[in-house]
Each structure stands twice: as C-alpha cells, then as structure tokens.
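Listed below are the residues making up each chain.
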Amino acid sequence: MSSMNVQQQGNTLCGSRAPPPTPSQGGGNSSSGTSVSNDAFSAFLEKSLGISSLVLPESPHNTSVRDCDLPVIDLSSARDDLVRRIADSAAEFGYFQVINHGVSCDVAERAEKECGGLFELALEKKEVLSRSLESPFGFEDGGGDTSTSARQESFWLEKEANQIEDFVRNIWPEGCGNLSCALGDYSSAMEKVAGEILDHLLEGLGDWDRSSFMADIVANNSSVICISNQKGPAKPQSARLKHSYPFILTLQYQNSSDSCEVYVDRSWVRVSPQAGTLLVTLGDIMKVWSNGEYESTVGRPTVISDQASTSMALIYSPPTESIMCPIPEVLNSDQRPRYSSFSLKDYASRLRKQRLLFNDPVERYRL
C-alpha cells in the first residue's frame, strides 16, 4: 500500500496523493499585548496538544439539556455487523457505548482508587504541577461555584507508567508508584480498544488497504490520559470543555451508571451509559479523515449529587507533527475532498484562539 507513512517530522495522515495546499494563517491587526500573548501560545502549541479549556458562556441558543438514546455496540459481534453498526452510529451521532471491550473492571477500579488519592492531596501541593504555557501536562483547577459546593479539578498526564511516576513523584513520592502502575495498566488497555475501534471506523469508510495507516497510528499516536474529579453539577452557561482540541476519538470507562453530556448541534444532550461500558466520542480528526461522513462531538461527565466522582478518559490523538486531510483512498472517483489539508499545529493554534464552540472549528478548512 502506498498510503500513509507516519514520521515524527512532517507526517501526512491523509494518504498517498499530493494533498491540497495547507491554508495559511489568517489574521488581522491586533494590539501588541495580544500579539505577544499569541506568540507565547504558539510556542507552547509547537510542543504539544495541551490546549486550554474553552468556556461556553451564555448564548442565544437553547441551554437546556435534552435526553438522547445512546447506541450500544457489542465488540464481540460478527465483524461485518460490528463495522456496520459502528459506522452507522458514527455517521448519525458521533458517539456510542461499547460492551465486551476487554477492559477489566478490576483495572478500572484500581486506577480510579489511586486517582482518588492524588486528588485528596492539598491544593497547594497539586498546584505545584499546574499546567502552563511551558508545561502542557499537570494539574488544572477548574475552580468552584461559590453559590454551591460544586468543584472540578483535572490532571493531564502522559500515558506511559514511567512518565506518570516521574511526573507525580514531585508532589506524591509515597503514592506515585502505585498510581503509575494502575494508570499505566488502564492506559494500555484503553489504547488497545481505541486502536480496534479506529480500525472498524476506517473499514466502515470503504474497502481499502489500511494496514500501514493503522500500524503507524498505533505506533506513533500522541495520546494522553485526562483524569477529572468533579463534585456537584457545573453551571450550563459556564461549562468547561476539557476535550476541545484535535483528537481522533476519546474513550471513557463508565465506572457507574451516571449520565454524561455530549455537545452536538450547538447544544448539550444527556446520555446514560451503562455501568462497565466505554463511552466513545469522535473528534474533529476523524471527521476530516472521513471527509465529513462521521460526526464529531465533545463529551463530559455529569454529577448530580454532592458526592465527588472521578472520570478517566483516554484522548487518542495523532502525532503532533501530522498533516490532516480526507483519506484519498476512501473517496469515490467522482467524490471531491470536502476539506483542504492542514497541519495539526496550525489547527490546534486556531482552536486555542476560538473561545466559543458555537461554530464548527473545521469549517474554515472546507473546500
């Protein structure tokens, strides 16, 4: 196959044909202060996909949350039926839950328990590892609602056990070993499932040799683990969209039957995954690769009571040096690409500057 050949420099995650020109950075006049700030952000984005949270403010759109069905897909089903159901759910919803996924309940519960110990540390200790322009990984204080007891905190961590241990040792030397082992096992199991689901999604786009494409993504993905601890519900008008940055798909283990919310069609919808399932949400990269055949969404856990809840999501992402465009091999002879090619860095930078999520961020690349 002459399709994609991912490399650490200049990856082209779109196939063997020459891609359209990468769109140039647009822009207008800005104040000197804004220019300096944007330069700093650009330097940060050169190093990672660590995009700050977007804030969804009050808007003229309906802020009420409606309930929606959540497709249930059995990963042990016959291959043809499995691919069809995944592709149909991806095209219609952009999200679904999977059962018989192979991620052990014991692995998930152990990881959740160790994460609980990390969040129990004093705030001043956790703030030592705060994320910043120079440090894409670490602690992020989502703050609290002064009118209630609601509060949210997150840690963004690299996926490998040794990386987690080295990072957390600075504030939790007595617990970093157990945490890194538990999260490392969890990350490894989740990453395996993410690769399997991606393979099904790609097969659902048509009959093409995707072996090299998949091998390179599995070997070179830049996935991260985001663990969050939330107490009480967040205000709808100030929802923090933690996963709003370029990704292929996100997997979140449902350690309870608590509901989740998914942002789609400019509004939040409430879904109720079964306990023990994996909630899968598709990102902008999958939407572009599929030439718009699949939907993209953003998901977040919801907490109704004052009881604290921990969520652990695998953010499955391409290498940061990648060039994105529709996969040529899945386009019909009479079908034109709907998106021009663009660098992941360029897109991440634009997304970082876009404070509102009311508009589809990949629309600027539409042809």
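Cut-offs used in this document
- Residues numbered from 1 in each chain as written.
- Predicted model: local features only at pLDDT ≥ 70, side-chain atom pairs only at ≥ 80, totals over all residues.
- Heavy atoms only, no water.
- Helix = DSSP H or I, 4+ residues; strand = E, 2+ residues; numbered from the N terminus.
- Buried < 20%, exposed > 50% of the residue type's maximum accessible area, 1.4 Å probe, protein only.
- Contact = heavy atoms within 4.5 Å.
- Expected span 1.5 Å × (residues − 1).
- Arc of directions from axis to C-beta.
- Polar contact = N/O pair within 3.5 Å; in protein donor to acceptor, adjacent residues only side chain to side chain.
- pLDDT = per-residue confidence, 0-100.
- Salt bridge = Lys/Arg side-chain N within 4 Å of Asp/Glu carboxyl O.
- Core = buried A, V, L, I, M, F, W, Y, C linked by side-chain atoms within 4.5 Å.
- Phe/Tyr/Trp six-rings, centres within 6.5 Å; stacked < 30°, edge-to-face > 60°.
- Axes fitted to C-alpha atoms, helices over the stretch in contact; angles between N-to-C directions.
- Parallel < 35°, antiparallel > 145°, perpendicular 65-115°, else oblique.
- Nonpolar A, V, L, I, M, F, W, Y, C, P; charged D, E, K, R; others polar.
- Pairing = 2+ DSSP bridges.

## As for the overall build of the protein
When you go through the protein residue by residue, the secondary structure sums to nine helices and 17 strands. For the protein, with 367 residues in total, the buried portion stands at 51%. Partitioning the contacts of the protein with sequence separation of at least 6, the portion at a separation of at least 24 is 78%.

## Quick word on helix H2 (residues 79-92)
With 14 residues, H2 extends 20 Å between its outermost C-alpha atoms, agreeing within 8% with the 20 Å of an ideal straight helix rising 1.5 Å per residue. All buried positions along H2 are accounted for by Leu82, Val83, Ile86, Ala87, Ser89 and Ala90. End-on view of H2: buried residues confined to an arc of 165 degrees, all on one side of the axis. Facing away from the buried surface of H2 by more than 90 degrees, the exposed residues are Asp80 and Glu92. In the core, the buried residues of H2 are packed alongside strand S4 (72-74), strand S5 (95-99), helix H6 (176-203) and strand S13 (278-282). Among the residues trailing H2, Gly94 stands out with phi positive, at a value near 85 degrees.

## Details of helix H3 (residues 105-119)
Relative to the 21 Å expected for 15 residues at 1.5 Å per residue, H3 spans 21 Å between its end C-alpha atoms, a close match to the ideal helical length. Buried within H3 we find Ala108, Ala111, Glu114, Cys115, Gly116, Gly117, Leu118 and Phe119. Regarding H3, its N-cap is Ser104, as a side-chain oxygen of that residue lies 3.1 Å from the backbone nitrogen of Asp106 further along.

## Quick word on the confidence of the model for the protein
The predicted model of the protein has a mean per-residue pLDDT of 78, with 68% of residues at 70 or higher. In this model residues 1-10 is a low-confidence stretch, pLDDT under 50, and it forms 31 contacts with partners more than four residues away in sequence or in other chains. Low pLDDT, under 50, characterises residues 236-243; the predicted model gives this stretch 31 contacts beyond four residues in sequence or across chains.

## Comments concerning the pattern of salt bridges
A full pass over the atoms with the stated rule returns 14 salt bridges. Note that Arg210 and Glu203 form a salt bridge whose closest N and O atoms lie 3.0 Å from each other. With a relative accessible area of 16%, Arg210 lands in the buried category. Members of the salt-bridge network, linked through shared partners, are Arg79, Asp199, Glu203 and Arg210.

## So, the nonpolar core
Ranked by size, the top nonpolar core spans 66 residues in total, and within it Leu183, Leu198, Ile227, Met286 and Trp289 carry the most contacts. If one sorts the elements of this core by residue count, H6 sits on top with twelve residues. Not counting residues up to four positions away in its chain, the partners in contact with Met286 are Leu198, Leu201, Leu202, Leu205, Phe247, Ile248 and Tyr294. Residues Tyr95, Val262, Val271 and Leu279 belong to the second largest nonpolar core, which totals seven residues.

## Side note on the packing of aromatic side chains
In this structure the tally under the stated criterion is eight aromatic pairs. Where Phe213 meets Trp289, the ring centres are 5.0 Å apart and the plane angle is 80 degrees; that geometry is what we call edge-to-face. Of this pair, Phe213 sits in helix H7 (residues 211-220) while Trp289 sits in helix H8 (residues 284-289), and the two are 76 residues apart along the sequence. A network of ring pairs unites the aromatic residues Phe119, Phe139 and Phe155 as a single cluster.

## Brief notes about the packing of H2 against H6
Contact pair H2 / H6: the axes reach a minimum separation of 8 Å and the direction vectors enclose 85 degrees. If you check the angle between H2 and H6, you find them roughly perpendicular. Listed contacts from H6 to Arg79, Leu82, Val83, Ile86 and Ala90 of H2 are Asp199, His200, Leu201 and Glu203. Counted by class, the contact of H2 with H6 contains five nonpolar, one polar and three charged residues.

## Concerning the pairing of strand S12 (residues 267-271)
Burial analysis of S12 places four of its five residues in the buried class, the great majority of the element. Strand direction decides the pairing type here: strand S3 (residues 66-67) and S12, joined by two bridges, are parallel. In the strand pairing of S12, Asp67 is matched with Arg270.

## So, the side chain of Thr277
You can see Thr277 is positioned in the loop between S12 and S13. Its relative accessible area of 1% is what places Thr277 among the buried residues. A distance of 2.7 Å separates the side chain of Thr277 from the backbone oxygen of Gln274, its partner in a polar contact. Setting aside residues up to four positions removed in sequence, Thr277 forms contacts with Gln97, Val98, Ile99, His101, Gln252, Tyr253 and Gln254.

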